[in-house]
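If you want the building blocks of each chain, they are given just below.
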Amino acid sequence: MDTPIVDFVRRYCQSDALRLHMPGHKGTGPLGYEALDITEFAGADDLYAPDGIIRQSEENASALFGAHTFYSTEGSSLCIRAMLHLAAMHARQIGRRPLIAAGRNAHKTFLSAAALLDLDILWLYPEKSDSYLSCRLAAEDLEQALHRAEELPAAVYLTSPDYLGNITDIAAMAKVCHAHGILLLVDNAHGAYLKFLSPSQHPMDLGADFCCDSAHKTLGVVTGGAYLHIARTAPAWFAEHIKDAMALFGSTSPSYLILQSLDAANAVLSGEYPRQLAELLAFLQPLRQRLAAQGYRLLGDEPLKLTLDAKAYGYEGTELAQLLHQQGLVCEFADPDFVVLMVTPQTGTEGLARLERTLCAIPRRSPITVTPPTLSRPERVLSVRQAALSPSRYVDAACSEGYILSAASVGCPPAVPIVSCGERIDRAAVDAFAYYGITSCCVVEDMK
């Protein structure tokens with residue numbers, strides 16, 4: 001597969017042109033890659049109105065993913081805001097309010113988008129949850145929630161895979177949504193590679209209408225590179241308006257370093273990557289079995305995550321992560337309960353063998369029986385927008401009970417809100433703040 005953006009920039013670098021345009025470094029500098037860092041001048045195309053090399057590259061990505069695929073140089077956060085904007089436009093077109101039903105473990109970007117777009121939220125709660133990071137919903141749960149709802153939402157928003165590696169049955173969820181005339185939006189930030197499994201487990205192949213992927217999280221793309229996908233079966237106006245939706249929230253100075261990385265990824269993904277991924281998965285399954293035999297309890301069903309229940313092995317997650325760090329192994333995430341390790345084909349069998357040796361050298365201890373706090377269901381007092389735009393102040397989290405949360409900055413790491421903007425902080429939330437080491441929170445001023 002060709003790489004039009006990469007080729008254009010390389011030709012430009014070799015042309016010895018005098019750079020009388022931004023950026024200010026003029027192609028030289030201490031980091032060594034400045035020559036590749038260009039801006040949107042003639043021939044370089046325009047990310048939000050492409051008709052040249054960027055359009056060609058996005059068409060390549062679209063062919064790979066079997067969808068209308070568009071680039072973001074600002075991660076999945078930009079994609080989330082754009083697809084929610086289109087969902088809100090769709091709601092008004094069909095005579096509904098911009099009401100979105102969302103799994104409670106949505107990233108805080110979802111809340112910032114709700115504030116900016118004045119969306120109303122119908123939170124979807126699981127029957128049982130072992131962490132704020134998870135929201136295990138089945139199609140039956142969604143069907144019941146829609147049946148109980150006073151009005152149907154315009155869209156359902158799900159996070160899958162979640163941070164602990166749990167994957168929702170997107171195909172079943174899509175059937176429920178479409179039976180009710182509801183769009184399905186999926187935050188697939190951690191699952192771009194799912195397209196390249198055999199068979200594909202990517203949301204766009206399972207019935208989602210919109211989906212975002214953080215290419216940088218699991219593919220060989222530099223930080224900030226992401227995709228926004230729209231189903232080919234969706235109304236044509238979604239794809240026609242998507243660039244306007246992204247431009248509403250995105251920078252007018254997209255990173256060409258990130259665009260080149262996304263462009264180069266197309267050649268990799270259309271080449272050896274599926275084989276490399278299959279070889280890695282064949283190595284990972286026996287590794288999981290050996291770690292389980294050692295006494296580790298592994299959670300989740302996402303193929304490229306190793307999520308360890310640290311307490312079952314006798315350690316808090318942060319303690320186990322520190323032991324790994326001392327041996328030069330840096331984990332993706334750790335909290336009091338879990339350690340999340342993310343691997344890709346670039347990790348290599350030698351890297352996985354090193355991980356296994358290090359984990360097996362850590363002595364097993366008696367399990368820790370302290371469990372995570374119960375998922376709170378706070379009372380909603382204000383809309384997300386009202387709360388986020390109200391005068392606010394910071395208070396001690398330990399003394400915050402009864403206040404109304406203003407900013408979505410009180411997240412269970414990594415960035416899953418314990419309380420949503422506009423909700424009253426209850427005792428369960430205060431306990432969760434303490435458990436996760438949150439010491440302050442932003443609340444609506446003069447409201448309690």
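The sections below set out a description of the structure shown in this document. (Residues numbered from 1 in each chain as written. Predicted model: local features only at pLDDT ≥ 70, side-chain atom pairs only at ≥ 80, totals over all residues. Heavy atoms only, no water.)

**A word on helix α9 (residues 256–269)**
Every α-helical turn comprises 3.6 residues, leaving residues that sit three or four positions apart pointing alike.
Then step 1. Taking 1.5 Å as the rise per residue, α9 with 14 residues should run 20 Å; its terminal C-alpha atoms sit 20 Å apart, in good agreement.
Then step 2. Counting buried positions along α9 gives 10 out of 14 residues, so the element sits mostly inside the fold.
Then step 3. If you check which residues of α9 are buried, you get Tyr-256, Ile-258, Leu-259, Gln-260, Ser-261, Leu-262, Asp-263, Ala-265, Asn-266 and Leu-269.
Then step 4. Residues of α9 that are buried sit in contact with α1 (4–14), α2 (53–65), β1 (68–72), α7 (215–218), β7 (226–230) and α10 (273–294).
Then step 5. Where α9 starts, the residue carrying a side-chain oxygen 3.3 Å from the main-chain nitrogen of Leu-257 turns out to be Ser-255. (Helix = DSSP H or I, 4+ residues; strand = E, 2+ residues; numbered from the N terminus. Expected span 1.5 Å × (residues − 1). Buried < 20%, exposed > 50% of the residue type's maximum accessible area, 1.4 Å probe, protein only. Contact = heavy atoms within 4.5 Å. Polar contact = N/O pair within 3.5 Å; in protein donor to acceptor, adjacent residues only side chain to side chain.)

**Thoughts on the sheet that holds strand β5 (residues 183–187)**
Then step 1. Spatially, the seven strands line up as an open sheet ordered β1-β7-β6-β5-β4-β2-β3, and their pairing is mixed. Bordering the open sheet on either side are β1 and β3 (120–124), each of which pairs with just one other strand. In this sheet, adjacent strand axes meet at a mean angle of 20 degrees when their direction is disregarded.
Then step 2. Here three bridges tie strand β2 (residues 99–103) to strand β4 (residues 155–159), and the two strands are oriented parallel to one another. Counterpart to Ala-101 in the pairing with β4 is Val-156.
Then step 3. Across the sheet, α2 is in contact with β1, β6 (210–213) and β7; its angle to β1 comes to roughly 125 degrees. (Pairing = 2+ DSSP bridges. Axes fitted to C-alpha atoms, helices over the stretch in contact; angles between N-to-C directions.)

**Regarding the sheet that holds strand β8 (residues 298–299)**
Through backbone hydrogen bonds, the strands of a sheet pair up, either in parallel or in antiparallel fashion.
Then step 1. With respect to topology, four strands assemble into an open sheet ordered β8-β9-β11-β10, the strand pairing being antiparallel. The open sheet has two edge strands with one neighbour each: β8 and β10 (333–334).
Then step 2. Bridging between β10 and strand β11 (residues 338–342) involves two bridges; their strand directions are antiparallel. Looking at the pairing, Phe-333 lines up with Val-340 of β11.

**Section: helix α8 (residues 236–249)**
Then step 1. Remark: the principal bend of α8, roughly 40 degrees, maps to Ile-242.
Then step 2. Among the residues making up α8, those that are buried are Trp-237, Phe-238, Ile-242, Lys-243, Ala-245, Met-246 and Phe-249. (Bend = angle between axes of the 7 residues up to and from the residue.)

**A short note on the pattern of salt bridges**
Then step 1. All told, the structure shown has 17 salt bridges when counted by the stated rule.
Then step 2. The partner of Lys-195 in a salt bridge is Asp-205, and the shortest N-O contact between them spans 2.9 Å. Here Lys-195, found in the loop between β5 and β6, pairs with Asp-205, found in the loop between β5 and β6; they are 10 residues apart in sequence, far enough to count as distant.
Then step 3. Across the pair Arg-365 and Glu-319 runs a salt bridge, and its minimum N-O distance is 3.0 Å. (Salt bridge = Lys/Arg side-chain N within 4 Å of Asp/Glu carboxyl O.)

**Structural notes on the pairing of strand β9 (residues 305–309)**
Then step 1. Most of β9 sits out of view: five of its five residues are buried.
Then step 2. Here β9 shows a buried face lined by Lys-305, Thr-307 and Asp-309 and a second buried face lined by Leu-306 and Leu-308.
Then step 3. Here β8 runs beside β9; their pairing, made up of two bridges, is antiparallel. Across the sheet, the residue bridging to Leu-298 is Leu-308, located in β9.
Then step 4. In this structure, the hairpin formed by β8 and β9 is closed by a connection of five residues, where Gly-300 is found at a positive phi of approximately 80 degrees.
Then step 5. Of the strand pairs in this sheet, β9 and β11 are connected by five bridges, and their pairing is antiparallel. Within the sheet, the bridge partner assigned to Asp-309 lies in β11 and is Phe-338.

**Side note on the environment of Val-339**
Then step 1. On the secondary structure map, Val-339 appears in strand β11.
Then step 2. On the accessibility criterion, Val-339 (0% relative accessible area) is buried.
Then step 3. Not counting chain neighbours up to four residues away, the residues in contact with Val-339 comprise Leu-306, Thr-307, Leu-308, Gly-317, Leu-320, Ala-321, Leu-324, Cys-331, Phe-333 and Ala-334.

**Quick notes on the nonpolar core**
Then step 1. Formed by 142 residues in total, the largest nonpolar core has its most connected members in Leu-84, Phe-110, Tyr-157, Leu-184 and Ile-425.
Then step 2. Broken down by element, the residue count for this core peaks at nine residues, all from helix α3 (residues 75–93).
Then step 3. Those residues in contact with Phe-110, other than ones at most four positions away along the chain, are Ile-80, Leu-84, Ile-100, Ala-102, Ile-121, Trp-123 and Tyr-157.
Then step 4. In this structure, Tyr-163, Leu-164, Leu-299 and Phe-338 belong to the second largest nonpolar core, which totals eight residues. (Core = buried A, V, L, I, M, F, W, Y, C linked by side-chain atoms within 4.5 Å.)

**Description of the packing of aromatic side chains**
Then step 1. Applying the stated criterion across every chain yields a total of 15 aromatic pairs.
Then step 2. On the basis of an interplanar angle of 90 degrees and a centroid distance of 6.3 Å, the ring pair of Tyr-132 and Tyr-436 is categorised as edge-to-face. Taken as a pair, Tyr-132 in the loop between β3 and α5 (139–148) and Tyr-436 in the loop between α14 (427–435) and β15 (440–444) lie far apart in primary sequence, 304 residues in all.
Then step 3. With relative accessibility at 9%, the residue Tyr-436 sits in the buried group.
Then step 4. Here Phe-210 and Phe-238 contribute two aromatic rings whose centre-to-centre distance is 4.9 Å and whose plane-to-plane angle is 75 degrees, an arrangement assigned as edge-to-face. Taken together, the residues span a long stretch of sequence, with Phe-210 in strand β6 and Phe-238 in helix α8 at a distance of 28 residues. Residue Phe-210 shares its accessibility class with Phe-238, and that shared class is buried.
Then step 5. Just above the ring of Trp-123 sits the side chain of Arg-104; from NZ or CZ to the centre is 4.7 Å.
Then step 6. For the cation-ring pair, Lys-305 lies above Tyr-163, with the distance from its terminal atom to the ring centre recorded as 5.9 Å. (Phe/Tyr/Trp six-rings, centres within 6.5 Å; stacked < 30°, edge-to-face > 60°. Lys NZ or Arg CZ within 6 Å of the ring centre and 35° of its normal.)

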